[in-house]
Amino acid sequence: MNGPPPSISAQLEQLHQTYCRLTGQNLSLRFDRERLWLEFHRAGFTLADLIQVVRYLQKEIRHTRRNVGALKLSNLLQLDRFEEDLNISRVRLTAPAPAPQKPVALVPTCSPEEQERGRQRALEQLRDLKEKLRQGFLGP
């Protein structure tokens, strides 16, 4: 077997280098690892998927919900598990949109006549206040 074509080979190298950068590891890209990346690529996963899952796992590890072994390359590239982690990361990273709240109808606490009397009383108090301000009679 000659290995993947040059363009795919470059993509596999980019995936591997990104994984190493995100996890702080320095792993060589030997044949067995290149084969894992090739299967990852053939399954339709992308560089963006890799970044999302690694960041999700790192967050989960920081919160002690996952073991650091989840970031081992041999664990990460188990495609069924990767797909599950990718789907979970998408669900958890996207908060549900808040449900629109229905406006609450305000129920009047008094009759229309009482409301009108209150308005008139407020207007009268405003007139008195204006008059006192004009005359300078406001005090403590």
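Located above this text is the structure these notes cover.
Residues numbered from 1 in each chain as written. Predicted model: local features only at pLDDT ≥ 70, side-chain atom pairs only at ≥ 80, totals over all residues. Heavy atoms only, no water.

A. Up close: the side chain of T18. Its location among the elements puts T18 in helix 1 (residues 6-23). For T18, a relative accessible area of 7% translates into the label buried. Apart from the residues lying within four places of it in its own chain, the contact partners of T18 are L47, L50 and I51. (Helix = DSSP H or I, 4+ residues; strand = E, 2+ residues; numbered from the N terminus. Buried < 20%, exposed > 50% of the residue type's maximum accessible area, 1.4 Å probe, protein only. Contact = heavy atoms within 4.5 Å.)

B. The nonpolar core, seen in detail. Counting 22 residues, the largest nonpolar core has Y19, W37, F40, L50, L76 and F82 as its most contacted members. Among the elements of the structure, helix 1, helix 2 (31-42), helix 3 (47-62), helix 4 (73-76) and helix 5 (79-93) are those that each provide at least two residues to this core. Among residues more than four places away in sequence, those in contact with L50 are L15, T18, Y19, W37, F40, L76 and F82. (Core = buried A, V, L, I, M, F, W, Y, C linked by side-chain atoms within 4.5 Å.)

C. Representation of the packing of aromatic side chains in the model. Taken as a whole, this structure holds five aromatic pairs when the rule is applied. Their ring planes at 80° and their centres at 4.9 Å tell us that F40 and F82 sit as a pair that is edge-to-face. With a gap of 42 residues between them, F40 in helix 2 and F82 in helix 5 connect regions that are remote in the sequence. With 4.8 Å between their ring centres and 70° between their planes, F45 and F82 make a pair best called edge-to-face. Of the two residues, F45 is situated in the loop between helix 2 and helix 3 and F82 in helix 5; the sequence distance between them amounts to 37 residues. Given a relative accessible area of 1%, F82 falls into the buried group. These aromatic residues form a ring-pair network of at least three members: Y19, W37, F40, F45 and F82. (Phe/Tyr/Trp six-rings, centres within 6.5 Å; stacked < 30°, edge-to-face > 60°.)

D. Examining unusual backbone geometry more closely. Phi is positive for T64, which is not a glycine, with a value near 55°. Here T64 lies in the loop between helix 3 and helix 4. According to the relative accessible area criterion, T64 is exposed, its value standing at 69%.

E. A nonpolar patch on the surface, seen in detail. Together, L123, L126, L129 and L133 make up a nonpolar patch on the protein surface, roughly 360 Å² of accessible area in all. By the secondary structure assignment, L133 is in helix 6 (residues 112-135). With a relative accessible area of 52%, L133 lands in the exposed category. (Patch = residues over 30% accessible without salt bridge, like charges linked within 9 Å, V, L, I, M, F, W, Y side chains within 5 Å. Areas by Shrake-Rupley, 256 points an atom, 1.4 Å probe, with all protein chains shown as cover. Salt bridge = Lys/Arg side-chain N within 4 Å of Asp/Glu carboxyl O.)

F. Quick look at the pattern of salt bridges. Summed over all chains, the structure comprises seven salt bridges. For D49, the salt bridge identified is with R90, shortest N-O distance 3.2 Å. Remark: R90 occurs in helix 5 and D49 occurs in helix 3; sequence separation between them is 41 residues. Note on D49: relative accessible area 10%, which makes it buried. A relative accessible area of 38% means that R90 is categorised as partly exposed.

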